[in-house]
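The residues making up each chain are set out below.
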Amino acid sequence: MTAPAAPSATIPQLCVADEATFWPWYSSPRIGAWPDREGTVVILPLAGMADWGLGHPLDAEETVLMHVLRDACRLVPPGSKPLVVPPLRFAFGADPACAFPVDQPTAHALIAEVASSVAAAGFRKIAILNSSPWSEELCSAAARDLRVSRGLHMFQVHLSALDLDFHPVRSRSRRRIQTLLTALYGSEPEPCGPGESEARPAAWGDESVVPLADPPARLEEARAEGAPILAAAAGRLAKLISDIHDRLPLSAELTAP
């Protein structure tokens, strides 16, 4: 199916997206005539908003997530292209640094509502693409419940699995994320207080989000380093999308010997 024309630069866009795979840029009749609903992967991006101690704006998660997803969609072979719905921006938040969070039942219901709308259009294979470490367990629960209650073929991919982990304690990629954000925003991070201390809590949900102690990359350095960081994550995600596309339909998986 021919991709729609991308919106004009003068028209405000919903988010960063690939014009060939972004669902809202197709008309209803074209979605209704989609040729391979059984095999098409529909990606549901989920991005929280928070101050991650990186000196960048609150929409850092969405900025990373949607740039990686856009570039991944452009790398996926033509026969495996996904459809992408607009990102869900009101996510569960377990830390005071989170902005505009919702509680777990609300976040779960929101994912279920969007997935039900996707299913009503005839698509059965849905991948939740999540940026927030606080939402990982929630995504697992939502994917399981939708598979059981609605028979949807559910998958989940987290930015942390693409080596872009926002988690304040377990992450080994916070500096890499900060550098990528500097490149994507085109501006260096703002000062954000004292850096990491050696005594850090370890219990899940009790971690404090503290600024990085090391000085950030300068803009010129970030522009040079950011491109390969983005390319590596997009390449991993493109492979995962293709693998999900190639999975048998759920009905066939359940009956396979």
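Residues numbered from 1 in each chain as written. Predicted model: local features only at pLDDT ≥ 70, side-chain atom pairs only at ≥ 80, totals over all residues. Heavy atoms only, no water.

Caption draft 1: Here's a closer look at the overall build of the chain. On a plain count of helices and strands, the chain comes out with 7 helices and 6 strands. Along its sequence from the N terminus, the chain presents helices and strands in the succession α-β-β-α-β-β-α-β-α-β-α-α-α. Relative to the globule expectation of 18 Å for 257 residues, the C-alpha radius of gyration of the chain, 19 Å, shows essentially globular dimensions. Counting only C-alpha atoms, the chain reaches 55 × 40 × 35 Å along its principal axes. Residues counted as buried form 47% of the 257 residues belonging to the chain. (Helix = DSSP H or I, 4+ residues; strand = E, 2+ residues; numbered from the N terminus. Rg over C-alpha atoms; globule rule 2.2 N^0.38 Å. Buried < 20%, exposed > 50% of the residue type's maximum accessible area, 1.4 Å probe, protein only.)

Caption draft 2: Representation of the sheet that holds strand S6 (residues 153–158) in the model. A sheet is described by the order of its strands in space; here 4 strands give the open sequence S3-S1-S5-S6, paired in parallel fashion. Whereas interior strands pair on both sides, the edge strands pair on one side only; in this sheet they are strand S3 (83–84) and S6. Pairing geometry for strand S1 (residues 41–46) and S3, over 2 bridges, is parallel. Among the inter-strand pairings, Val42 is bridged to a residue of S3, identified as Leu83. This element, helix H3 (residues 104–120), spans S1 and strand S5 (125–130) of the sheet and lies at about 160° to S1. (Pairing = 2+ DSSP bridges. Contact = heavy atoms within 4.5 Å. Axes fitted to C-alpha atoms, helices over the stretch in contact; angles between N-to-C directions.)

Caption draft 3: Structural detail: the nonpolar core. Counting residues in hydrophobic clusters, the biggest one holds 46 residues, and the most contacted among them are Val64, Val68, Leu69, Leu164, Phe166 and Leu237. Sorting the residues of this core by element identifies S1, helix H2 (60–75), S5, S6, helix H5 (174–185) and helix H6 (219–246) as the ones contributing at least two each. Discounting residues that sit within four places of it in the chain, Phe166 has contacts with Trp52, Leu54, Ala60, Glu61, Val64, Ser131, Pro133, Leu159 and Ile177. Core analysis: the second largest hydrophobic core is formed by 26 residues, Tyr26, Leu46, Val118 and Phe123 among them. (Core = buried A, V, L, I, M, F, W, Y, C linked by side-chain atoms within 4.5 Å.)

Caption draft 4: Examining unusual backbone geometry more closely. Residues other than glycine seldom take positive phi values, yet Phe100 does so here, at roughly 55°. Within the fold, Phe100 resides in the loop between strand S4 (98–99) and H3. Not every positive phi belongs to a glycine, and Asp163 is a case in point at roughly 65°. Within the fold, Asp163 resides in the loop between S6 and H5.

Caption draft 5: Representation of H5 within the structure. In a regular helix each residue adds 1.5 Å, so 12 residues correspond to 16 Å; H5 covers 16 Å between its end C-alpha atoms and thus fits that length. Residues of H5 that are buried: Arg174, Ile177, Gln178, Thr179, Leu180, Leu181 and Thr182. Gly186 lies just past H5 and shows a positive phi near 75°. (Expected span 1.5 Å × (residues − 1).)

Caption draft 6: Up close: the pairing of S6. In terms of burial, S6 is a largely internal element, 5 of the 6 residues being buried. Where S5 lies against S6, 6 bridges are found, and the strand directions are parallel. Directly across from Ile128, in S6, lies its bridge partner Gln156. Handedness of the crossover joining S5 and S6 through helix H4 (residues 136–150) is recorded here as right-handed. (Right-handed = clockwise from strand over helix to strand, strands pointing away.)

Caption draft 7: Structural view of the packing of aromatic side chains. Inspection of every chain in the model, using the stated rule, returns 5 aromatic pairs. Centroid distance Tyr26 to Trp34: 5.2 Å. Interplanar angle 90°. Geometry classified as edge-to-face. Accessibility expressed as a relative area gives 12% for Trp34, which makes it buried. Chaining the aromatic ring pairs together yields one cluster made of Trp52, Trp134 and Phe166. Lying across the ring of Phe123, Arg37 places its NZ or CZ 5.7 Å from the centre. (Phe/Tyr/Trp six-rings, centres within 6.5 Å; stacked < 30°, edge-to-face > 60°. Lys NZ or Arg CZ within 6 Å of the ring centre and 35° of its normal.)

Caption draft 8: Spatial organisation of a nonpolar patch on the surface. A grouping of Leu58, Phe90, Phe100 and Leu110 is seen on the molecular surface, where their side chains present a nonpolar patch of about 370 Å² in accessible area. One can find Phe90 in the loop between S3 and S4. (Patch = residues over 30% accessible without salt bridge, like charges linked within 9 Å, V, L, I, M, F, W, Y side chains within 5 Å. Areas by Shrake-Rupley, 256 points an atom, 1.4 Å probe, with all protein chains shown as cover. Salt bridge = Lys/Arg side-chain N within 4 Å of Asp/Glu carboxyl O.)

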